Amino acid sequence: MKLAKNLEKLGTESAFKILAEAKKLEADGKKIIHLSLGQPDFKSPKHAVDATKKALDEGHHGYVLPNGIIECREAVTRKIKKLYNKEIDPERVIIMPGGKPTMYYAITLFGEPGAEIIYPDPGFPIYESMINYTGAKAVPINMLENKDFSINPEKILSLINENTRLIILNNPNNPTGAFTEKNKIDQLAEGLKKFPNVAILSDEIYSRQIFDEKKMPTFFNYPHLYDRLIVLDGWSKAYSMTGWRLGWSVWPENLVEHVIKFCVNNHSCVNAAIQYGAIAALDGPDDSLNFMMEKFTKRRKLIFDGLNSIKGIDCSLPGGAFYAFPNVKGTGMDGKEFAKKCLHEAGVAIVPGTSFGKKAIDYVRFSFAASQDNISKALENIKKMLS
Ligand SMILES: Cc1ncc(COP(=O)(O)O)c(C=O)c1O
C-alpha cells in the first residue's frame, strides 16, 4: 500500500492517548483520577435531551440541509443577539458535527504551500496539525510570554506578512485557561484594519465559561471584520454536550458556499434530531450552565490554591475554560516526566504541556472537570508523590 505523503504531517490530540493509557491501568486494577480530558462532567440539559427524543418520535430521521436546519441556524442568531446584541444573518451560520470541523474547514480554505497561518502555541493541537497537513507554514504565537498567558496584540500583528492568510485565536484558551480582556482584543481588531487580506478564526468554544462575572470579548463586536471573520462555537462545552458532536460557526458571506461544499463532501448534514435538542439548549434556561459554573468556580480555587501550595509548582489563576496550566520546573522534572510520574505513581491522569506546543516543556494541563473530592485526592496524591 502506498499512502499519501501528507499523512506524515498530520498530528493528533494526545489527551485521547492518555485516556487510553489510563483506562488500561484501570483495567489492571489501578485507581485513576481523570484530570486529562476537556469535557464537563455534568449531564446535558434535560430540555435538550427531551427535545431530541421528541424529534425522533416525530420522525426527524432523514437527511436535512448540509448547513443545518433553518430553525437551528435561527436559534444560533437569536442567541448571538441575546448574548452580544449583534444581528447575524442565519445564512452565514453553519451547524457542524462539533467544533472541530470548523477549524478543519477554515484551515483547509486558506492553507497551502507558500501560505502562512498564525496560531496560538501552546494551543489546541489540531490547529498546528491541520496547518501542517495543508502544507502551509505554521507561525506560532508564543502564549507563554505573558505570565497570565494572555493575548498580546502587538506581538500578533508583528507576525503578519504578505503570505499570512489566517490568524487563529482562542479566548478563553485551551490549554492555559487564560482569559484576555476586551481592551486587548479591541487593540487587535483595530490593528487588523491594516491587513484587509488576513482572515480571522476566533475559536470561542469556551465563551460561556468565564470567571469573575467578566463578559466574553467576542469578535462579533467588530462588524468591520465580518467580511473575513469566522467564529467557532458550539454546544460541547457550554451545555456539556461533547459526545453529541454538535457545533456552530459563522462565516463571511462569500465563504459560505465553499464550506457547504465541504459539508456535502464530508458529512452531508448534522444528525437531524439533535438539531432540535440544540435549539432547546440555546433557547431554554441556562440553569445547567449556571450550576456548572458555580462548581467550576469552587474547583478553580481548590486547584489553584492546591497546586501553588506544592513546592516546585507555580500556577496562574485560570480566567476561563476549566484548565489549570502550572509550571512544574521547580519539581526537578519537565512536564512530560511529571505527567508520566503522576499517572503511574499518583494515579492522576493529566496532559504534558508539549501536547499543546513545543514551547510548553515545563508545563502540564490539569482539567478541573472533575468533582472537588477527586481534585482534593489528586492534589494529596501528587503531594505524597513528591515528598
Ligand atoms: C479550543 C477548542 N476548540 C475546539 C474544540 C472542539 O470542540 P468539539 O468537541 O465540539 O469538536 C475544543 C475541544 O476540546 C477546544 O478545546
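Residues numbered from 1 in each chain as written. Predicted model: local features only at pLDDT ≥ 70, side-chain atom pairs only at ≥ 80, totals over all residues. Heavy atoms only, no water.

Notes on the pattern of salt bridges
Item 1. Within this structure, the stated rule accounts for 22 salt bridges.
Item 2. When the shortest N-O distance is used, the salt bridge between Lys81 and Glu87 registers 3.2 Å.
Item 3. Judged by relative accessible area, which is 33%, Lys81 ranks as partly exposed.
Item 4. In the salt-bridge network here, residues are joined through shared partners; they are Lys79, Arg208 and Asp286. (Salt bridge = Lys/Arg side-chain N within 4 Å of Asp/Glu carboxyl O. Buried < 20%, exposed > 50% of the residue type's maximum accessible area, 1.4 Å probe, protein only.)

So, the pairing of strand S2 (residues 93–96)
Item 1. The alternating pattern of S2 places Val93 and Ile95 on one face and Ile94 and Met96 on the opposite face, and all of these are buried.
Item 2. Where S2 and strand S8 (residues 247–250) come together, 4 bridges link them in antiparallel fashion. The residue bridging Ile94 from the neighbouring strand is Ser249, located in S8. (Helix = DSSP H or I, 4+ residues; strand = E, 2+ residues; numbered from the N terminus. Pairing = 2+ DSSP bridges.)

Considering the packing of aromatic side chains
What characterises a pair of aromatic rings is the spacing of the ring centres plus the angle enclosed by the ring planes.
Item 1. Counted according to the given criterion, the structure contains 16 aromatic pairs.
Item 2. Arranged with centres 6.3 Å apart and planes meeting at 35°, the rings of Phe211 and Phe368 form a pair that is tilted. Taken together, the residues Phe211 in the loop between strand S6 (199–203) and strand S7 (229–234) and Phe368 in the loop between strand S12 (364–367) and helix H12 (372–386) connect sequence positions 157 residues apart.
Item 3. Classification of Phe368 as buried rests on a relative accessible area of 0%.
Item 4. One aromatic cluster is present, built from ring pairs that chain together Phe42, Tyr206, Phe211, Phe291, Phe296, Phe322, Tyr323 and Phe368. (Phe/Tyr/Trp six-rings, centres within 6.5 Å; stacked < 30°, edge-to-face > 60°.)

Points about the site of the ligand
Item 1. The local shell around the ligand holds 14 residues, among which Asn174, Asp203, Tyr206, Ser236 and Lys237 are the closest.
Item 2. Side-chain polar atom of Arg245 to an oxygen atom of the ligand: 2.8 Å apart, as the coordinates give it.
Item 3. Surface burial for the ligand is 94%, taken as the share of its 390 Å² of free accessible area covered by protein chains.
Item 4. Partitioning the shell around the ligand into residue classes produces 5 nonpolar, 5 polar and 4 charged. (Near = heavy atom within 4 Å. Polar contact = N/O pair within 3.5 Å; in protein donor to acceptor, adjacent residues only side chain to side chain. Areas by Shrake-Rupley, 256 points an atom, 1.4 Å probe, with all protein chains shown as cover. Nonpolar A, V, L, I, M, F, W, Y, C, P; charged D, E, K, R; others polar.)

Quick word on the sheet that holds strand S9 (residues 323–324)
Item 1. One open sheet holds the 3 strands; their spatial order is S9-S12-S11, and the pairing between them is antiparallel. Where the open sheet ends on each side, the last strands, each with one partner, are S9 and strand S11 (351–352).
Item 2. In terms of strand pairing, S9 meets S12 through 2 bridges, oriented antiparallel. Within S12, the position partnered with Tyr323 by the bridge is Ser367.

Things to note about the nonpolar core
Item 1. One finds Trp251, Phe338 and Phe366 to be the most contacted residues of the largest nonpolar core, which totals 65 residues.
Item 2. The element contributing the most residues to this core is helix H10 (residues 287–308), with 6 residues.
Item 3. Formed jointly, this core draws a minimum of three residues from each of two domains, domain 1 (5–43 + 287–386) and domain 2 (62–283).
Item 4. Once residues lying within four places of it in the same chain are set aside, the contact partners of Phe338 are Ile313, Val328, Thr331, Met333, Ile350, Val364, Phe366, Ile382, Met385 and Leu386.
Item 5. Residues Met143, Ile200, Tyr222 and Tyr239 belong to the second largest nonpolar core, which totals 50 residues. (Core = buried A, V, L, I, M, F, W, Y, C linked by side-chain atoms within 4.5 Å. Domains from an automatic or database assignment. Contact = heavy atoms within 4.5 Å.)

Remarks on helix H8 (residues 256–266)
Side chains three or four residues apart in an α-helix point the same way, a direct result of the helix having 3.6 residues per turn.
Item 1. Within the sequence span of H8, burial applies to Val256, Val259 and Cys263. Projected down its long axis, H8 carries its buried residues within an arc of 70°, all on one side. Exposed side chains of H8 directed beyond 90 degrees from the buried face belong to Glu257, Lys261 and Asn265.
Item 2. Just downstream of H8, Ser268 is the residue with a positive phi angle, here 65°. (Arc of directions from axis to C-beta.)

Observations regarding the sheet that holds strand S4 (residues 137–142)
Item 1. Pairing is mixed across the open sheet formed by 7 strands, whose spatial order is S2-S8-S7-S6-S5-S3-S4. Both edges of this open sheet fall to S2 and S4, since each of them pairs with a single strand only. Here the strands of the sheet are splayed against their neighbours by 20° on average, with no regard to which way each runs.
Item 2. Sheet analysis places S6 next to S7, joined by 4 bridges and oriented parallel. Bridged to Leu201 within S7 is Ile230. (Axes fitted to C-alpha atoms, helices over the stretch in contact; angles between N-to-C directions.)

Here we look at the domain arrangement of the chain
Item 1. For the chain, the domain assignment lists domain 1 (5–43 + 287–386) and domain 2 (62–283).
Item 2. If you look at the interface, domain 1 gives 37 residues, while domain 2 gives 36 residues.
Item 3. A buried area of about 3200 Å², summed over both sides, lies between domain 1 and domain 2, and 57% of it is on carbon and sulfur atoms.
Item 4. Interface area lost by domain 1 to domain 2 is led by Leu289, Phe356 and Lys359, which between them contribute 19%.
Item 5. Inspection of the region where domain 1 meets domain 2 yields 5 salt bridges.
Item 6. Across the salt bridge formed by Arg300 and Asp212, the nearest N and O atoms sit 2.9 Å from each other. (Buried area = accessible area lost by both parts, 1.4 Å probe.)

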